[in-house]
Structure formats: structure tokens, C-alpha cells
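# Reading the structure
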Amino acid sequence: MSKAYSSERHIHELYADDPERADALVWGRRGALKGAALAAMGAAVGGAIPFAGSMPSGTMPALFARPAAAQSGGAPQMMRLEGKVDLILLGERPLVLETPEHELDDAITPYSKFFVRNNGQTPQPHQGDPNAWRITVEGEVSRPLTLTLGELKSRFQNVTRQLQMECGGNGRSFFAPQTRGNQWGNGAIGNAEYVGVRLRDVLQAAGLGPNARFTGHFGSDPHLSGDPNRQAISRGMRIEKAMDEDTLIVWQMNGQPLPHIHGGPVRLLVPGWPGSLSQKWFTRILIRPDVHNGAGMGGTSYRMPVRPIVPGSNNDGRDFADMESMPVRSILSSHAHGTRLPAGTRHLDIRGAAWAGDLTVRAVHTSVDFGATWQEMQVAAPANRHAWQRWQGRVSFPTDGYYEIWYRATDSQGRMQPHAPANWNPQGYGANPVSRIAVLIG
Ligand SMILES: Nc1nc2c(c(=O)[nH]1)N[C@H]1C(S)=C(S)[C@@H](COP(=O)(O)O)O[C@H]1N2
Ligand SMILES: [Mo]
């Protein structure tokens, strides 16, 4: 919470230590916020709560909600890689860096603000001519191929696309009970402009056999243990997604050679599906008759319950299904959580982005009265299929005080971000609840 304001300590601390007890004290048994509790909460958030009357019972003010990235309840730890802004450090080994949501304010995410997710060691940067980098295509093909980057560039049609790539675990921190893995907020997303070739064109050159039904992806990054016989990550997908015109092998990001940390010289870019499919330091694709069995496949990895399971329960994931198109999500990028505005501010122009896996976003709505009323924002068309969509609009505040801006998107099939994350699963995929930021006026 950069730009956050301080507030009376005791309720704040109570929320940090024991949110359930704090909630019970504030809301009491009848779940109505009034009298002394209302005054206490107002004091704690640093201002009156004009729409307290429409706060759903049991709602923890956004200001007290555990900062997504703070594993231990404290302020998130930041890290600055060369050429990047401060990103939220979720893990050092392997290196995992989340973009603060309000930094995702560019239509095209620059290198400096692009999240980083490694599963293994960061490999040594490729030495020498990048055009000599080789990839192989093998398995259920009639002509196994080895192609240099130079050949990829010259033999196949080069395409330029803006594509969104989102970690399968984006939003994981919103699950309760907490699930294992990096506690992402909404910032494991980037929308960059890539140059590459269609994986489809390369697979057609290799000639898909009659049993070509799935892919397996390989990269050159060493396993965390250093064991050369183990993969850092090696995921795969249905052949239909490999043949999608937006699934690319890319070497350029935002007009520059693909940066090393993002998989340069060459990576896969599989937009709209879990980011783990977008193999960095890409060396090999195996075409298979059956589902791939590499690291990150099977069990509960990137797999979701088909029938809901009891939150917090153990499950080996045998009956789960591989996660494919990512669910609808929105971010608010114009203002940080905890923003303080001058007394008398009555309107605020806000903006952000929204996306929905393979689908598009039909609408984005915001609420400043805890979801009692919603207002439709303007949503731009995507630059191309699989690019995110920017949204903007104006919200109004009747008086000074503590507000929350809630925001939620609806996809082209009418599915909306839920009020609480649905379909709890052991590794915390697909949490896309309505998001909110706290704003204090005066
Ligand atoms: N070779 C390799 N590719 C990889 C990974 C990895 O650890 N190694 N991480 C995957 C995951 S889980 C994600 S979300 C994206 C992150 O890409 P980025 O670091 O460029 O943001 O890369 C994917 N590709
Ligand atoms: Mo990921």
C-alpha cells in the first residue's frame, strides 16, 4: 500500500492479527454496523463511511484485508530488477515478481512492469548469435524438424500481435482457506506486443500425424535442484490450442529482442490459457497422442475440480480437469489501493483493464457503495483477439469519507466475476472475485 494513510492502531492491528475476531467485534451478532462499532470502524479507516448502511454484513474493509502480497501480514517486500520498476517479491528461489496492480496502467505492458514467474533456476543468458538458437519439433509428426531462430524468421510468416498472458495462479491470495503457492493478487498479468510465427505454421511444416492430439513443451532452464534429469516446468495442451492462430513462437516483445528474463531468445506465447504453457527459453515441442506428463502436469497442478470440493479439503486431483481458458478478471490501474484524495473531491476518473481468457469482455461495472448500485464503464475493443481491453469511467462521491471502489467484469458469455472466489482447489487456481481498492477523501 504505497500512498496509504495511517489510521487508529487498535482495530487495524486486530484485523491484521485476527481478522475473524475483529470482524465479530465490529459487526456483532446481528451483522449490522452501527453505534459504537460504526464509530470505531470509521476511526480505524480514518474517515466516516458514507455508505456504511449498504456494507454487506461481515465485510472486512478493504483497507484491513491482508495485502495480497504480504505473506506474513506486513508490508510486501519489493525487488527491482535492472530496467524494471519495483515489483512485489513473492519468491526469490525460484524468482517470482508480481506487478503492483496500479502499475499496470499502460495499454501495452512495458518490459519494466512485466511480472516474472520462474519455476526453476534462471538460466545463463544465451551467448552468441540469437539466430542460432534451435528448437525441435518431434513426436507425432511426419517430418521431425530442427529449426534455428533465423530459419523460423525467414521460413514462416511473421505476425505481430498484442497478447495477454496471465499466470494460472493469478488471484490465488483471494482464496480462503489459503492455498499453497505464490500468493498473487491481481498482478500476474501482462499484455505486450509480440512478433513471432504461428506455432500452427511450424506444426504444419512438420506434418501432424493422425494421433497428434496433445503437445508437451520444453525449455532450457535448469531445475531448482540443478539435477539435469529434471525439468523446471514442462507443460502441454490440447492440439486445438496449438493450432489457434494466436498461439505463437515469439522472439520480440514491444519492439525489442525478447528479454532474457522473459524467455529470450525464444518463447511460446499461448494467450488466454495458464501462463505456464508459454514456455520460456523454448527448445522443444513434443506432439503426443496422450496428455503430456511433464513437470506441472497431472494431480492438482493447473487442474480444477469438475465438481466443487470442500474448501480446505485434501484431494489428489485425479478427477480434476486441466485448466484451459482463464476466467474473466478486471484490474483498476489508475489509482493505488489506499489512495488519499483532497477534501471536497466529488468525482474521480478511473481506468483499468479487463480480459477473459479466450473470450472477450462485454462490460465492466464499478460500485462505490459496497455493491448496492453499479455503474457501467466504457470498455474499449481489444487491439486484436487475445489482447486485454482497457476500460475507463467516472465515479462520484456524495461527501468526504472512506470509500471502496469495487470493480468487476463480465465476459462475452455473460459470466461475471463472483463476489467470492468460486471452485476452491488445493493449488488455488482461478480466483477472480470482484476486486476493490480503498479510497479516503479528506
Ligand atoms: N522455461 C520456463 N518457462 C516458463 C516458466 C518457467 O519457469 N520456465 N514459467 C511459466 C509460468 S508459470 C508463467 S506464469 C510464465 C511467466 O512468464 P514471464 O516470467 O515472462 O512473466 O512463464 C511460463 N513459462
Ligand atoms: Mo504461472
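Residues numbered from 1 in each chain as written. Chains lettered and ligands numbered in written order. Predicted model: local features only at pLDDT ≥ 70, side-chain atom pairs only at ≥ 80, totals over all residues. Heavy atoms only, no water.

Pairing is mixed in the open sheet, where 4 strands are placed in the order E6-E5-E13-E9. With partners counted over all chains shown, the strands left at the sheet margins are strand E6 (145-148) and strand E9 (214-219), one partner each. Within this sheet the neighbouring strands show an average axis-to-axis angle of 15°, counted without direction. Direction of pairing for E9 relative to strand E13 (residues 282-288): antiparallel, over a ladder of 6 bridges. Note that in E13 the partner of phenylalanine 218 across the bridge is arginine 284. Running over the sheet, helix H5 (residues 199-206) touches strand E5 (134-139), E6 and E13 and is turned about 135° from E6. (Pairing = 2+ DSSP bridges. Helix = DSSP H or I, 4+ residues; strand = E, 2+ residues; numbered from the N terminus. Axes fitted to C-alpha atoms, helices over the stretch in contact; angles between N-to-C directions. Contact = heavy atoms within 4.5 Å.)

Attention shifts here to the sheet that holds strand E19 (residues 361-367). Strand order in this open sheet of 5 strands is E17-E24-E23-E19-E20, and the pairing throughout is mixed. Edge positions in the sheet fall to strand E17 (339-341) and strand E20 (375-376), since each of these pairs with one other strand and no more. Pairing of strand E23 (residues 401-411) with strand E24 (residues 435-441) involves 7 bridges; the strand directions are antiparallel. Its bridge partner being in E24, tyrosine 407 is matched across the sheet by serine 435.

Along the chain, the position of leucine 97 falls in strand E3 (residues 96-98). With a relative accessible area of 0%, leucine 97 lands in the buried category. Spatially, the C-alpha atoms of leucine 97 and valine 379 are 28 Å apart, while their sequence positions differ by 282 residues. The residues contacting leucine 97, other than those within four sequence positions of it, are Met79, Leu81, Leu87, Ile88, Leu89, Phe115, Val116 and Trp184. (Buried < 20%, exposed > 50% of the residue type's maximum accessible area, 1.4 Å probe, protein only.)

Let's shift gears to the pairing of strand E8 (residues 189-198). By the criterion of burial, E8 is predominantly enclosed, with 9 of the 10 residues buried. By the bridge criterion, 9 bridges tie strand E7 (residues 158-166) to E8 in an arrangement that is antiparallel. Bridge pairing links valine 159 to glycine 196 in E8. As defined by bridge partners, E8 adjoins strand E10 (residues 248-253) across 5 bridges and the pair is classed as antiparallel. Looking at the pairing, tyrosine 194 lines up with methionine 253 of E10.

So, about the side chain of serine 173. You can see serine 173 is positioned in the loop between E7 and E8. Of the polar contacts made by the side chain of serine 173, one reaches the backbone oxygen of tryptophan 184; its length is 2.8 Å. (Polar contact = N/O pair within 3.5 Å; in protein donor to acceptor, adjacent residues only side chain to side chain.)

What follows is about the environment of valine 291. Here valine 291 shows up in the loop between E13 and strand E14 (303-304). According to the relative accessible area criterion, valine 291 is partly exposed, its value standing at 39%. Between the C-alpha atoms of valine 291 and glycine 139, which are 152 residues apart in sequence, the distance is 13 Å. Ignoring sequence-local partners within four residues, the contact set of valine 291 consists of Phe214, Met297 and Asp322.

Our focus in this paragraph is the site of ligand 1. Taken together, 19 residues sit near ligand 1, with Phe115, Asn119, Asp221, His262 and Lys280 positioned nearest. Histidine 262 places a side-chain nitrogen or oxygen 2.8 Å from an oxygen atom of ligand 1. One of the side-chain nitrogen or oxygen atoms of glutamine 279 is found 3.2 Å away from a nitrogen atom of ligand 1. In isolation ligand 1 exposes 530 Å². Once the protein is present, 100% of that is buried. Considered class by class, the residues forming the shell around ligand 1 number 8 nonpolar, 7 polar and 4 charged. (Near = heavy atom within 4 Å. Areas by Shrake-Rupley, 256 points an atom, 1.4 Å probe, with all protein chains shown as cover. Nonpolar A, V, L, I, M, F, W, Y, C, P; charged D, E, K, R; others polar.)

So, on to the domain arrangement of the protein. The figure often quoted for interface size is the accessible area lost as the parts come together. As far as domains go, the protein holds domain 1 (3-69), domain 2 (111-322) and domain 3 (329-441). Computed over C-alpha atoms, the centres of domain 2 and domain 3 are 28 Å apart. Taken residue by residue, the interface counts 41 residues in domain 2 and 26 residues in domain 3. Where domain 2 abuts domain 3, roughly 2900 Å² becomes buried across the two surfaces, and 53% of that area is made up of carbon and sulfur atoms. At the junction of domain 2 with domain 3, the criterion picks out 5 salt bridges. Between the two partners, domain 2 and domain 3, sit 21 residue pairs in polar contact (both at pLDDT 80 or more). When contributions to the side of domain 2 that touches domain 3 are tallied by element, the ones reaching two or more residues are E7, E8 and E14. A per-element tally of the side of domain 2 that touches domain 3 places E7 first, with 5 residues. Grouping the amino acids of the side of domain 2 that touches domain 3 by side-chain chemistry returns 16 nonpolar, 16 polar and 9 charged. (Domains from an automatic or database assignment. Buried area = accessible area lost by both parts, 1.4 Å probe. Salt bridge = Lys/Arg side-chain N within 4 Å of Asp/Glu carboxyl O.)

So, about the pattern of salt bridges. Enumeration over the complete set of coordinates arrives at 21 salt bridges. We note a salt bridge from lysine 113 to aspartate 106, for which the minimum N-O separation is 3.2 Å. For aspartate 349, the salt bridge identified is with arginine 394, shortest N-O distance 2.9 Å. Taken together, the residues aspartate 349 in strand E18 (residues 347-355) and arginine 394 in strand E22 (residues 389-396) connect sequence positions 45 residues apart. Note on aspartate 349: relative accessible area 44%, which makes it partly exposed. Taken together, the shared-partner salt bridges in this structure form one network comprising Arg161, Asp244, Glu245, Asp246 and Arg385.

Before going further, it helps to spend a moment on the nonpolar core. With 30 residues, the main nonpolar core has Val137, Leu152, Leu199, Val202 and Ile249 as its most contacted residues. For this core, the secondary-structure elements that each account for two or more residues are E5, E6, helix H4 (149-155), E8, H5, helix H6 (239-242), E10 and E13. Considering every element that reaches this core, the biggest residue donor is H5, with 4 residues. Other than its neighbours up to four places away in sequence, leucine 152 contacts Ile135, Leu147, Asn158, Val197, Val202 and Ile249. Counting 21 residues, the second largest nonpolar core, distinct from the first, contains Leu341, Trp391, Phe397 and Ile437. (Core = buried A, V, L, I, M, F, W, Y, C linked by side-chain atoms within 4.5 Å.)

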